Amino acid sequence: MKFLLTRRRRLNPVYIAFMAVSFMVGIAGALQAPTLSLFLSHEVGVRPFWVGLFYTVNAVAGITVSLLLAKRSDNRGDRRRLILFCCAMALANALLFAFNRHYLTLITLGVLLSALASVAMPQIFALAREYADRSAREVVMFSSVMRAQLSLAWVIGPPLSFALALNYGFTVMFVVAALLFLVCLALVAFALPSVPRVEPSPAVLLTQISAWRDKDVRLLFVASMMMWTCNTMYIIDMPLYISSVLGLPERLAGLLMGTAAGLEIPIMLLAGHFVKRTGKRRIMLLAVAAGVLFYLGLVLFQSRAALMLLQIFNAMFIGIIAGIGMLWFQDLMPGRPGAATTLFTNSISTGTILAGLLQGTLAQSFGHYAVYWLALGIALLAFALATQVRNV
């Protein structure tokens, strides 16, 4: 009887729906993101400066819109309705990119739709946190398994993206992404729960008012921003570094990304299992230390075998900070899972903006090798800041 009850609990349809929605949204995003620069260059026909400008404007718009919607989501309304709205905007955005090749339209209407769509994932995680709290489900492991769906999506999505775009064209690729968002709309509408809001206590209300004034929240935001700055600098620079500096095959870049994404999945699950024993702060410090070793390794070693082995440290770094880092924000901001999750995703967006500026400037002025020295320095500073954030 106990086995049957446990099995029934594991096969909770709501739990499965959260996993499916995370995976589908992740796949749809992983279809569009890897080939976006190729789309702008080859299909829209713009120069590299305008490609970079598109990424910058898109990131800034995403931060602004997500902060506004996150505040509303925590204070009133049904979070599930907001997720439905964001998925509908993602569907419209995919269709716009499928059939439009006008740069001004894409950088205005397209960026607006993309910014609204980007709120979907943090809101899904915020709803999952509320559901886990209300249903007495183990929060850390639940979130870790959900985050693993995103890593799995990024193992599958980029190769599929290039296959569709290069073999069938960008229109087909964006239409496939639109169909995936349509499936997400159905799953959210019919499978995800609507979790009633709990009236926060006076202590929680005080925390909500002073969240950004909290030194720990600010320190964690800056540390997280630095971690994602390092990661994005690596992602932007690595394909160019491998081919133009090391003289290795370009396809090695895709193999390295896929290897890291695949390794992230078991690492996330192990982190979710052990975090109750070690605490979030200690396991996050372990992750950032792995990041420091990864960038140190990139500075010291250049062989194919070394680059492959270093992906273990890269996977530890990204796999843990992507899952446990978000939960650390949520624990530091009780009663505001939407705002906390969005603050975490905005640290990623801010890191992306900085990474683009830093990588382009350094690579052009001092060469690609300098990018990894700077990434190593930023990772060390992120580690120092993370040590100052309190354990929750």
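All values derive from a computational prediction rather than experimental measurement.

**Details of the side chain of Gln149**
Its place among the elements puts Gln149 in helix 8 (residues 139–168). We classify Gln149 as buried; its relative accessible area is 17%. Sequence-distant contacts of Gln149, defined by excluding residues within four places in its chain, comprise Met19, Ser22 and Phe23.

**A few points about empty space enclosed by the protein**
Under the counting rule described, the total for this entry stands at 3 cavities of 30 Å³ or more. Size it by volume and the second largest cavity reaches roughly 40 Å³. In terms of lining residues, the second largest cavity is bounded by Tyr234, Met238, Tyr241, Ile242, Leu256, Leu298, Leu307, Gln311 and Tyr372. Broken down by element, the lining of the second largest cavity gets its largest block of residues, 4 residues, from helix 11 (residues 215–245). For the lining of the second largest cavity, the residue count by class is 8 nonpolar, 1 polar and no charged.

**A closer look at a nonpolar patch on the surface**
Where nonpolar side chains cluster on the molecular surface, the patch consists of Leu263, Leu293, Leu296, Leu300, Phe301, Leu309, Ile312 and Phe313 and spans about 690 Å² of accessible area. Examined against the element boundaries, Phe301 turns out to sit in the loop between helix 13 (280–300) and helix 14 (304–332).

**Here we look at the packing of aromatic side chains**
Across all of its chains, the model carries 9 aromatic pairs by this definition. Both rings, one in Tyr295 and one in Phe317, keep their centres 6.2 Å apart while their planes meet at 85°; by these two values the pair is edge-to-face. Taken together, the positions of Tyr295 in helix 13 and Phe317 in helix 14 put the pair 22 residues apart, joining distant regions of the chain. Considered together, Tyr295 and Phe317 belong to a single accessibility category, that of buried residues. Here the aromatic residues Phe39, Phe97, Phe170 and Phe174 are joined through ring pairs into a cluster of three or more.

**Observations concerning helix 16 (residues 368–386)**
Between its first and last C-alpha, helix 16 extends 28 Å over 19 residues, near the 27 Å set by a 1.5 Å rise per residue. Those residues of helix 16 that fall on the buried side of the exposure criterion are His368, Ala370, Val371, Tyr372, Ala375, Leu376, Ile378, Ala379, Ala382, Leu385 and Ala386.

**Some remarks on the environment of Leu220**
On the secondary structure map, Leu220 appears in helix 11. Looking at Leu220, the relative accessible area reads 1%, which means it is buried. Each C-alpha atom, one on Leu220 and one on Trp328, is 8.5 Å from the other, the two residues being 108 residues apart in sequence.

**Considerations on the nonpolar core**
Ranked by internal contacts, the top residues of the largest apolar core, which has 130 residues, are Phe18, Phe39, Phe54, Phe142, Met227 and Tyr295. Residue contributions to this core peak at 15 residues, all from helix 11. Looking at which domains feed residues into this core, each of domain 1 (12–194) and domain 2 (204–391) gives three or more.

**Concerning the confidence of the model for the protein chain**
Keep in mind that low pLDDT regions are not for reading the predicted coordinates in detail. Residues of the protein chain with pLDDT of at least 70 account for 84%, and the chain-wide mean is 79. Of all secondary-structure elements in the protein chain, the lowest mean pLDDT belongs to helix 1 (residues 2–10), at 45, while helix 9 (residues 170–190) reaches the highest, 91. Counted against residues more than four places away or in other chains, residues 1–8, with its pLDDT under 50, gives 0 contacts. Note on residues 201–209: pLDDT under 50 across the span, and 10 contacts to partners over four residues away in sequence or across chains.

**Some words on the packing of helix 5 (residues 79–99) against helix 9**
Packing of helix 5 against helix 9 brings their axes to within 8 Å, and their N-to-C directions diverge by 165°. Taken together, the axis directions place helix 5 and helix 9 in an arrangement best described as roughly antiparallel. Of the two possible hands of crossing, helix 5 and helix 9 adopt the one that is left-handed. Taking contact as the criterion, the partners of Arg80, Ile83, Leu84, Cys87, Ala88, Ala90, Leu91, Ala94, Leu95, Phe97, Ala98 and Phe99 in helix 5 are, on helix 9, Thr171, Phe174, Val175, Ala177, Ala178, Phe181, Leu182, Cys184, Leu185, Val188 and Ala189. Residue composition of the contact of helix 5 with helix 9, grouped by class: 21 nonpolar, 1 polar and 1 charged.

What counts, and where the lines are drawn
- Residues numbered from 1 in each chain as written.
- Predicted model: local features only at pLDDT ≥ 70, side-chain atom pairs only at ≥ 80, totals over all residues.
- Heavy atoms only, no water.
- Helix = DSSP H or I, 4+ residues; strand = E, 2+ residues; numbered from the N terminus.
- Buried < 20%, exposed > 50% of the residue type's maximum accessible area, 1.4 Å probe, protein only.
- Contact = heavy atoms within 4.5 Å.
- 1 Å grid on protein atoms, 1.4 Å probe; cavity = no way out; pocket = protein on both sides within 12 Å on 5 of 7 lines; lining within 4 Å.
- Points joined across faces, edges and corners; volume = space filled by probe spheres on them.
- Nonpolar A, V, L, I, M, F, W, Y, C, P; charged D, E, K, R; others polar.
- Patch = residues over 30% accessible without salt bridge, like charges linked within 9 Å, V, L, I, M, F, W, Y side chains within 5 Å.
- Areas by Shrake-Rupley, 256 points an atom, 1.4 Å probe, with all protein chains shown as cover.
- Salt bridge = Lys/Arg side-chain N within 4 Å of Asp/Glu carboxyl O.
- Phe/Tyr/Trp six-rings, centres within 6.5 Å; stacked < 30°, edge-to-face > 60°.
- Expected span 1.5 Å × (residues − 1).
- Core = buried A, V, L, I, M, F, W, Y, C linked by side-chain atoms within 4.5 Å.
- Domains from an automatic or database assignment.
- pLDDT = per-residue confidence, 0-100.
- Axes fitted to C-alpha atoms, helices over the stretch in contact; angles between N-to-C directions.
- Parallel < 35°, antiparallel > 145°, perpendicular 65-115°, else oblique.
- Left-handed = near helix turned anticlockwise from the far one by under 90°.

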